[in-house]
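Coordinate inspection notes
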Amino acid sequence: MTAYLITGAKVVVGGPEKDTVADLLIDNGEIVAVGTGLDAPAGAETIDATGLIALPGLVDLHTHLREPGREDAETVLTGTRSAALGGFTAVFAMANTDPVADTAGVVEQVWRLGREAGYADVYPIGAVTVGRQGTQLAELGAMADSAARVRVFSDDGDCVWDAALMRRALEYVKAFGGTIAQHAQEPRLTKGAQMNEGALSGVLGLTGWPSVAEESIIARDILLNAHVGSKLHICHLSTKGSVEIVRAAKRRGLEVTAEVTPHHLLLTEDLAASYNPVYKVNPPLRTKADVEAVREGLADGTIDIVATDHAPHPVEDKDCEWSAAAFGMTGLETALSVVQHTMIDSKLLTWADLADRMSYRPAAIGQITEHGQPLEVGAPANLVLVDPAAERTVVPTETASLSRNTPFAGMKLPGKVTATFLRGEPTVLDGKLTKSGISK
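The rules behind these values
- For every chain, the first residue of the written sequence is number 1, and numbering continues from 1 along that sequence.
- Local features are withheld for residues below a pLDDT of 70 in this predicted model, meaning they are given only at 70 or higher, and side-chain atom pairs are given and counted only at 80 or more; totals for whole chains, interfaces and linings count all residues.
- Remark: hydrogens and water are excluded; side-chain values derive from all non-hydrogen atoms of the structure.
- Put simply, DSSP marks the helices as runs of H or I at least four residues long and the strands as runs of E at least two long, and each gets a number from the N terminus on.
- Radius of gyration: over C-alpha atoms. The globule rule applied is 2.2 Å multiplied by the number of residues raised to the 0.38 power.
- We call a residue buried when its accessible area falls under 20% of the maximum for its residue type, exposed when it is over 50%, and partly exposed in between, using a 1.4 Å probe and counting protein chains only.
- Note on definitions: salt bridges are taken to be side-chain nitrogens of Lys or Arg within 4 Å of carboxyl oxygens of Asp or Glu.
- A strand pair is defined by DSSP finding two or more bridges across the two strands.
- Between N-to-C directions, angles span 0 to 180 degrees; the directions come from axes that are lines fitted to C-alpha atoms, helices contributing only their stretch in contact.

Looking only at helices and strands, one finds twelve helices and 19 strands in the protein. For 440 residues, the compact-globule estimate of 2.2 N^0.38 gives 22 Å, and the C-alpha radius of gyration of the protein, at 21 Å, lies within 12% of that figure. Principal-axis analysis of the C-alpha atoms gives the protein an extent of 65 × 45 × 45 Å. For the protein, buried positions account for 61% of its 440 residues.

A complete count under the given rule lists 14 salt bridges for this structure. Here Arg 286 makes a salt bridge to Glu 214, at a shortest N to O gap of 3.7 Å. Of this pair, Arg 286 sits in the loop between α8 (262–266) and α9 (288–300) while Glu 214 sits in helix α6 (residues 211–228); the two residues are 72 residues apart in sequence, bridging distant segments of the chain. The same class applies to Arg 286 and to Glu 214, which are both buried. The structure contains a network of salt bridges with shared partners spanning Lys 250, Asp 304, Asp 356, Arg 357 and Arg 361.

Once that is clear, we can look at the sheet that holds strand β8 (residues 121–124). Strand order in the open sheet formed by three strands is β6-β7-β8, with parallel pairing between adjacent strands. Each of the sheet's edge strands pairs with one partner strand only, and the pair in question is β6 (58–63) and β8. Put simply, the sheet's adjacent strands are angled 20° from each other on average, direction ignored. Judged from the four bridges that link them, strand β7 (residues 88–93) and β8 form a sheet pairing that is parallel. Each residue of the ladder has a partner; that of Ala 93, found in β8, is Pro 124.

In structure tokens:
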């Protein structure tokens, strides 16, 4: 294994007062020295990181890798390559595959595919219910005891709308410290919904998706979790009202965490006026007031993390009329840039805050210790080097993903990942993928 000496990077290790320009020596999969004027040992490669920021490897708690079943949209290999280019060293793969990841066998298959691919560690999320049908609990205990050691469960794409079943799920995972990640969408309030409900949906003639459909499920589940005393995570929170509900719950000391996607930090419902299905997503793009509220919620810690909800689709599922198009957007390769644009450059967050929201906290929620660690001596050498001064135009055909449904196509975004290291070995160098991933 080659040793690497990274020189002159701004190393993010804690609060702003701790960030410092330093060298990082990584060898045998670990950070073995942090300081100034470090000497490279024999055989080591030196990377000049002057002007770059060194962050712990990013962790995405909400990724759709599509394999098994929809390899025309994405595979574990292509998805993790996309993750590496975005600075991620670990991703949590959602359960809406075909077959559904609702058994120990399927989650172990996804886990092993991630180990073989080697560009980012893959942690499967198990389905809450059999087939994600919302009628019977899946094999939660068996998935938890499997080689994949599943600790997060979600029917994402569908809501666990039955309150009694949701309560049983929260009670069941409490036995082994698991988390239920809820897709907050009351289905009876969103039947046929196509975009955010409001004046614009009326003008466009598209069935509206009311904010209360999200907010009512979040409020209900917070109350259920308070009764059970388990762990609840809210997926892709998108409305001002949802932020207020979660904020009130945290003030009461209730155990609930929440995520926001990059696209909900930046884009608004106005884009639906183009009828371009690339902007069709679940939950829908909301209003400017909602965007401001989720930014504030992320800044003050009400929203714990940023998660991409990377949802790749083949061309035929998006290149059609709005009503027939699939919901979803890709996001792994643009997430860091969007967060820099909306939160860092606007002074709402520091780079240390970003490390917290995109590495430390998602790793903690997902209960993985191999990632989300400060860049200190003895820590796993999972890290990313970012050029904050760079600017790039998003070109869909230049992504590693098999799918091209990015809502940021043609946009100029700040920041560029120049290198990503997984256990001390580069998966990305000079902004390009290395030839092979890292076997675990």
